[in-house]
Structures are given as structure tokens and as C-alpha cells.
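# Examination of the molecular architecture
As a plain string of letters, each chain reads:
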Amino acid sequence: MTMTSQSHPQPKPGILDISAYVPGKSGAKGARVHKLSSNESPIGASAKAIAAYRSAGDALELYPDGAAAVLRTAIANRYGLMADNIVCGAGSDELLQLLAHAYLGPGDEAIYSQYGFLVYPIAIQSNGATPVVAPEKDYLADVDAILARVTGKTRMVFLANPNNPTGRYLPFSEVKRLHAGLPAHVLLVLDAAYAEYVRRNDYEAGLELVATSTNVVMTRTFSKIYGLAALRLGWAYCPAHVADVLNRVRGPFNISTPAIAAGAAAMQDQEFVERAIAHNDAWLPWLSNELTVLGLEVTPSVGNFVLVHFPLDDAHNAHAADAYLQENGFVVRRMDAYGLPGALRVTVGSEDANHALVSCVKAFLS
Ligand SMILES: Cc1ncc(COP(=O)(O)O)c(C=O)c1O
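This report concerns the structure included in the present document. (Residues numbered from 1 in each chain as written. Predicted model: local features only at pLDDT ≥ 70, side-chain atom pairs only at ≥ 80, totals over all residues. Heavy atoms only, no water.)

## Some details on the site of the ligand
By nearness alone, every residue bordering the ligand is listed as Gly91, Ser92, Asp93, Phe117, Asn164, Asp191, Ala193, Tyr194, Thr221, Ser223, Lys224 and Arg232. At a separation of 3.0 Å, an oxygen atom of the ligand approaches a polar backbone atom of aspartate 93. The side chain of arginine 232 places a nitrogen or oxygen atom 2.7 Å from an oxygen atom of the ligand. Summarising the interface, the protein chains cover 94% of the accessible area of the ligand, which totals 400 Å² for the free molecule. Comparing atom positions with the cavity grids shows the ligand to sit within the largest pocket. No other element matches helix H3 (residues 91-103), which puts three residues into the shell around the ligand. In terms of residue class, the shell around the ligand is made up of three nonpolar, five polar and four charged. (Near = heavy atom within 4 Å. Polar contact = N/O pair within 3.5 Å; in protein donor to acceptor, adjacent residues only side chain to side chain. Areas by Shrake-Rupley, 256 points an atom, 1.4 Å probe, with all protein chains shown as cover. 1 Å grid on protein atoms, 1.4 Å probe; cavity = no way out; pocket = protein on both sides within 12 Å on 5 of 7 lines; lining within 4 Å. Sits in = over half its atoms within 2 Å of the grid points. Helix = DSSP H or I, 4+ residues; strand = E, 2+ residues; numbered from the N terminus. Nonpolar A, V, L, I, M, F, W, Y, C, P; charged D, E, K, R; others polar.)

This is the structure:
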């Protein structure tokens, strides 16, 4: 037996190099706190989903259906897909992690873009692989920069479309160009967590690309437009061979019964989704415009949040703004971890929250 001098168990190489994900804060001062830090739904969840969640409480002693059949069928029916090609996860986070777990190992490389969602490097490094960052242009993923970084070691490319935290998106023609430039053995993961919010004719989440290729997976979430973030629920649409792999590595009961029930009901409540879209359609441009009028630079967003760039002077920079907002009951997201210390990310809130936030930012700047 070989003895080592370690005083306690050590994780695998690479794990201690990971910068842990920092979630949005949930507290601030003030009688009324507006949490605008995690891109959550300002209109709650579907009443039908909440009712389904509650009724699932009647049989908590039973394990869930490990196949989440009711939920996968509801998703398949909604989008005209084969249920066998859908795999559900405890949040799309779990699916991103499982994909990395199944397809990446030491010596492999996986590419993501400069301001891409920070779960990607965590998923990559957790599996001993090397994250490769492709620079963006104007806060937008650059297909040529990604393709230029493909090497013999590349196994995966993660693309959030639209991206969090920038809110920008690549038109489908660019996604297709990216796919066309990748070798067949490289898995392209299209993370479409904010797809439902996008109102652009040249956008597609990627259903068609998944259906017509063997190396593309699209992930979706119930945490944003469906307002079910607390339940941790997401899904992936995959080629059959990828679904098979995910079903081998996932936990046998990775989705809880209340999440299955609420998710299926939410999928069938299109009227609620339309309401959530209408809210965002009204308030995303309003918020972007009001903050621009105050003299701030707002990256044009198609999601349910905006990236707001503050002046550089100590009195008016993003850190000072964050502190001021917190003092006044607003929780927004600092962007230091994304290499954007001069910016804050603000979720589109309720009508009240949006008005109050703009007034507060105005007071801060004046
Ligand atoms: C781009 C992107 N992908 C995935 C997720 C993960 O969502 P969830 O795990 O709640 O499904 C988020 C959440 O903020 C996100 O912004």
C-alpha cells in the first residue's frame, strides 16, 4: 500500500481550481425587497402548476417515476417531439453537468464564450477537462473565434443562446454555421434557458438542429418563464444516443414527484406562458430605455434581464450602485465573476419593481 502525506482526503486534480458558482443574493435592506438578481419570474408560476405541485404532496412516501413519463410526454406534445429523445434534470444545471460528466475527461478541451454562463467552466473543470474561452465581440459569441479554438482535443462546445448575463443572441444562421464548422465528434450544447422570451424572427432555440444532426443537444429550463425555479427542473432534447448516455449516468430518481407534476401542468398552461411573455415584452424595452435615458449603457437584451454598464468613477461605478441599491431594498447581480466589474445585471421585475428600480438608479446617479 502506498502512503501519502496528505492530512485529509483530496479531491480529483482540477477540482480545487474551480471558482464556485456565486448565486444571486436574496437579501437587502428595506421593508420591501425587490429581488432582481436571478432572472426569476416576476409573475410567479401558473396556478395550475401550483395546484399540481400541492396535490403531489398526498403521496410523499412513494418514489417518483424515474422516467418522468408524464412530464416528458407533456413536453413532447407541446413541441411535437419524440418523448424518448427528452431527458429531464434537476434544473438544466444538472443536465449541463451530466453532459460534461459523460463526455469530458482529463486531456479533453471544451469551449465556451468569454461571457458565457459560468456553470460551463465549473462543469468542464469538475471532470478534469480544460476550459477554453473564445473571445466575444460586443458581448456576443463569435462563431469564428469559437471555431478557431477547436483542436484535436475538443470534445464539447457550450453556447448559451440567448446568453446570460449579456442578453444577446446569435441568429440561427450563425448557430448553423457554428455547427457546420465543428467535427462530427464534438458535441454542441445549445443552452436555451431564455428561449421563450426571444421575439426575433431569426432566432431558433435549436430543436431542428438537434433533430437533423447527431452531435447537438438543446437544454431548456422551467426556472425562468415558467416560474418554477424552486422546484429545480429542466430538460434536454437530444439525439437518441445522447439520451441513452444521459439516462445511464443520471440519478435514477433525479426529478421529484412534485416537480414532475408541476412541470407537466406548466407545459400545458400556454395561457400563463403568454402572460409571462407579454409582461416581458412590455417591461424589457421599458427598463432598457429608462436606464439608457439616465445615461447608462444597456447591452441590448432579448432575455428577461439587462446588463447595465455604469460609469467608472468611484462615486458612480457598479459597486457603488450595487451598494446603494441594496441599501434601498434592491438585490441585483454583480458581474465581477464574469470579468465585468463595471456592470450589473438586473432582472425585469414587476411593474412596481421596475418603476422603483429606475427611480432608485436615478437618485443614485444624481
Ligand atoms: C444560460 C443559463 N443556463 C442555465 C441556467 C440554469 O437554470 P436551471 O438550472 O435553473 O434550469 C441558467 C440560470 O440562470 C442560465 O442563465
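Text resumes after the structure shown.
## Here we look at the packing of helix H1 (residues 47-55) against helix H9 (residues 257-268)
The N-to-C vectors of H1 and H9 enclose an angle of 155 degrees; their axes lie 8 Å apart at closest approach. Comparing the axis directions of H1 and H9 gives the class roughly antiparallel. Note that H1 runs across H9; the crossing there is right-handed. On H9, the residues touching Lys48, Ala49, Ala52 and Tyr53 of H1 are Pro258, Ala261, Ala262, Ala265 and Ala266. Taken together, the residues of the contact of H1 with H9 sort by class into eight nonpolar, no polar and one charged. (Axes fitted to C-alpha atoms, helices over the stretch in contact; angles between N-to-C directions. Parallel < 35°, antiparallel > 145°, perpendicular 65-115°, else oblique. Left-handed = near helix turned anticlockwise from the far one by under 90°. Contact = heavy atoms within 4.5 Å.)

## Some details on the sheet that holds strand S12 (residues 333-334)
Read from one edge to the other, the open sheet built from four strands follows the order S9-S10-S13-S12, with strand pairing classed as antiparallel. Only two strands of the sheet have a single neighbouring strand rather than two, namely strand S9 (297-299) and S12. In terms of strand pairing, strand S10 (residues 305-309) meets strand S13 (residues 343-347) through five bridges, oriented antiparallel. Bridge assignment links valine 308 to a residue of S13, and that residue is leucine 344. Strands in contact with helix H10 (residues 270-293) are S9, S10 and S13; relative to S10, the strand with the most contacts, it is inclined by about 10 degrees. (Pairing = 2+ DSSP bridges.)

## A look at the nonpolar core
Formed by 63 residues in total, the largest nonpolar core has its most connected members in Leu71, Ile75, Phe222, Tyr226, Leu228 and Trp235. Looking at this core, the element that brings in the most residues is H9, giving six residues. The residues touching leucine 228, leaving out its near neighbours within four places in the chain, are Ala45, Ala49, Phe222, Ser223, Ala262, Gly263 and Ala266. In this structure, Val87, Met156, Val217 and Cys238 belong to the second largest nonpolar core, which totals 34 residues. (Core = buried A, V, L, I, M, F, W, Y, C linked by side-chain atoms within 4.5 Å. Buried < 20%, exposed > 50% of the residue type's maximum accessible area, 1.4 Å probe, protein only.)

## Side note on the layout of surface pockets
The computed volume of the largest pocket comes to approximately 420 Å³. If you trace the largest pocket, you find 23 residues lining it, with Tyr21, Ser38, Asp93, Phe117 and Lys224 closest to the centre. By residue number, the principal contributor to the lining of the largest pocket is H3, which donates four residues. Class assignment of the residues belonging to the lining of the largest pocket gives a composition of nine nonpolar, seven polar and seven charged. Estimates place the volume of the second largest pocket at around 320 Å³. Considering the residues around the second largest pocket, the lining is formed by 18 residues, among which Ala20, Tyr21, Val22, Leu118 and Ala337 are closest to the centre. It is helix H4 (residues 119-126) that contributes the most residues to the lining of the second largest pocket, three residues altogether. (Points joined across faces, edges and corners; volume = space filled by probe spheres on them.)

## Description of the packing of helix H2 (residues 69-79) against H9
To describe two helices that pack against each other, one gives the angle between their axes and the distance between the axes. Remark: H2 packs on H9, axes separated minimally by 8 Å, with the N-to-C direction vectors making an angle of 15 degrees. When the axes of H2 and H9 are compared, the pair comes out roughly parallel. Read as a crossing pair, H2 and H9 show a hand that is left-handed. Only Ile260, Gly263, Ala264, Met267 and Gln268 of H9 make contact with H2, whose side of the interface consists of Val70, Leu71, Ala74, Ile75, Arg78 and Tyr79. Considering only residue class, the contact of H2 with H9 consists of eight nonpolar, two polar and one charged.

## A word on unusual backbone geometry
What is expected of a backbone is that most residues other than glycine have negative phi and most peptide bonds are trans. Cis geometry is adopted by the peptide bond preceding proline 162, which originates at asparagine 161 and carries an omega value of 0 degrees. In this model, tyrosine 139 sits at a positive phi of 60 degrees, which is unusual for a non-glycine residue. With respect to the helices, strands and loops of the structure, tyrosine 139 is situated in the loop between strand S4 (130-134) and helix H5 (143-148). Unusually for a residue other than glycine, arginine 232 sits at a positive phi of about 60 degrees. Tracing the backbone shows arginine 232 in the loop between strand S7 (216-221) and strand S8 (234-237).

## Let's talk about the sheet that holds strand S5 (residues 154-160)
Spatially, S2-S8-S7-S6-S5-S3-S4 is the arrangement adopted by the seven strands of the open sheet, whose pairing is mixed. On the outer flanks of this sheet lie strand S2 (86-89) and S4, each paired with one strand and no other. On average, each strand axis in the sheet is tilted by 20 degrees relative to the strand beside it, whichever way the strands run. As paired elements, S7 and S8 share four bridges and run antiparallel to each other. Bridge assignment links arginine 220 to a residue of S8, and that residue is tryptophan 235.

## Describing the pairing of S5
Here S5 lies mainly inside the structure; six of its seven residues are buried. With five bridges joining them, S5 and strand S6 (residues 187-191) adopt parallel strand pairing. Across the sheet, residue leucine 159 finds its bridge partner in S6, namely leucine 190. Note that the unit made of S5, helix H6 (residues 172-181) and S6 has a crossover that is right-handed. (Right-handed = clockwise from strand over helix to strand, strands pointing away.)

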